[in-house]
Amino acid sequence: QTEAPSPPWMPPSLGTPAHAVSSPILLLVGFQTCASLITTIACLSPLGTGCDFNTGTGDFLGEHDAPACCVEYSHATGQLITGSWDKTLKCWDPRSVSGQKCLVGTYSQPERVVSMSLVGHRLVIATAERHINVYDLRNMLQPEQKRQSSLKYETSCVCCYPNGTGYALSSVEGRVAMEFFEMTEVAQANKYAFKCQRKADAGEDTVYAINAISFHPIYGTFATGSSCGYVNVWDGDNKKHLYQYSRYPASIAALSFSRDGHLLAVASSCTFEDFSDMNGSDSIFVCSINEAEVKPKPKRYANPV
């Protein structure tokens, strides 16, 4: 194990915040337009907001009827996608003028959106009541697949495989399911689920929710973050646990590997599973990744007789 860095990471020369919102932030996504770098904010507010890094100005993107909790940007289509507790998914064109002309489409969901993930043209939406909708961004009129989570309890996070063949799904009961898009019998035979975070005490298991999943962009292994404050790394192809980092000061709310896989950003924050921890610190840690922590280990074969 390696120690979690003691001070929270902050960018150098932080200065005055370029943009502020009045509601707690749930998620940020950055994307490049032809002229500027934009960050879009998903927060505990119905409003969607964009901030231009070049000018420091913020624009009103649009709104939902309830908190906007998820946001993704599609490089393939140039669209921004937001998911909300109002049971809708909305697609926006941030290159349009601000206001309603920015809205491309609104798509009803069976329940509140809790997580979503994008790979290529494929968008996976996870909602409350364990619903999973899979869309092709080139044809959003209907989901190309409607599924039910294979996990027994509520979904907490979904994350697509970097190779585009499927997605990992986590639940509040501390399990992760490895799923595949292809519906053939051969492909579906490869799916499985496993217990990810348990702590045995006096013969009883304490279960912790898996709040975050992030795939390593080079090796295809993935990290999970749980409400007990631990980050674990897994080799999904070989069904192996690779590494556990030392405990962070609070629950893991979000994870993200850098594009080159050399860094892992960890958001440690109160996620309200344990109300006695509501006054815990909110911090962001950026860790340098050792290749041995994320690289799949070679398979061992028995010596020939």
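In this report, the structure presented in the accompanying data block is examined.

Basis of the calculations
Residues numbered from 1 in each chain as written. Predicted model: local features only at pLDDT ≥ 70, side-chain atom pairs only at ≥ 80, totals over all residues. Heavy atoms only, no water. Core = buried A, V, L, I, M, F, W, Y, C linked by side-chain atoms within 4.5 Å. Buried < 20%, exposed > 50% of the residue type's maximum accessible area, 1.4 Å probe, protein only. Helix = DSSP H or I, 4+ residues; strand = E, 2+ residues; numbered from the N terminus. Phe/Tyr/Trp six-rings, centres within 6.5 Å; stacked < 30°, edge-to-face > 60°. Lys NZ or Arg CZ within 6 Å of the ring centre and 35° of its normal. Pairing = 2+ DSSP bridges. Axes fitted to C-alpha atoms, helices over the stretch in contact; angles between N-to-C directions. Contact = heavy atoms within 4.5 Å.

Here we take up the nonpolar core. One finds V231, V233, Y245, Y248, L255, L264 and V266 to be the most contacted residues of the largest nonpolar core, which totals 17 residues. For this core, the secondary-structure elements that each account for two or more residues are β21 (231–235), β22 (240–244), β23 (252–257), β24 (263–268) and β25 (283–288). Among the elements that take part in this core, β23 stands out by supplying three residues, more than any other.

This next bit is on the packing of aromatic side chains. One pass over the structure, following the stated rule, counts eight aromatic pairs. Members of the aromatic cluster, each reached through a chain of ring pairs, are Y161, F180, F215 and F222. A cation over a ring is seen here: R122 above F181, with NZ or CZ 4.4 Å from the ring centre. The ring of Y192 has K239 sitting right over it, with the charged end atom 4.6 Å from the ring centre.

This part takes up the sheet that holds strand β19 (residues 210–215). As summarised here, the arrangement of the four strands in space is β19-β20-β21-β22, forming an open sheet in which the pairing is antiparallel. Each of the sheet's edge strands pairs with one partner strand only, and the pair in question is β19 and β22. On average, each strand axis in the sheet is tilted by 25 degrees relative to the strand beside it, whichever way the strands run. Examined bridge by bridge, β21 and β22 share four bridges and lie antiparallel to one another.

What follows covers the pairing of strand β12 (residues 145–148). Because side chains alternate across β12, one face comprises the buried residues Q145 and R147, and the other comprises K146 and Q148, none of which is buried. Of the strand pairs in this sheet, strand β11 (residues 131–136) and β12 are connected by four bridges, and their pairing is antiparallel. Among the inter-strand pairings, H131 is bridged to a residue of β12, identified as Q148.

The subject of this paragraph is unusual backbone geometry. Even without being glycine, K87 reaches a positive phi, approximately 70 degrees. Looking at the element boundaries, K87 is found in the loop between β6 (79–84) and β7 (88–92). The exposure class of K87 is partly exposed, given its relative accessible area of 37%.

Turning to the environment of D136, a few remarks are in order. Take D136: it is sitting in strand β11. A sequence separation of 16 residues divides D136 from G120, and the C-alpha atoms of the two residues are 9.1 Å apart. Not counting the four nearest positions on each side in its chain, D136 is found in contact with H121 and E144.

Here we come to the environment of I81. Within the secondary structure layout, I81 lies in strand β6. Separated by ten residues in sequence, I81 and C91 have C-alpha atoms that sit 4.5 Å apart. Those residues in contact with I81, other than ones at most four positions away along the chain, are C70, V71, E72, S74, L89, K90, C91, M116, L118, L123 and L137.

Our next topic: the sheet that holds β23. Overall, antiparallel pairing links the three strands, which are arranged β23-β24-β25 in an open sheet. The sheet terminates laterally at β23 and β25, the two strands that pair on one side only. Each strand of the sheet is rotated relative to its neighbour by a mean of 15 degrees, with strand direction disregarded. Here β24 pairs with β25 via six bridges, running antiparallel. Pairing of L264 across the sheet is with C287, part of β25.

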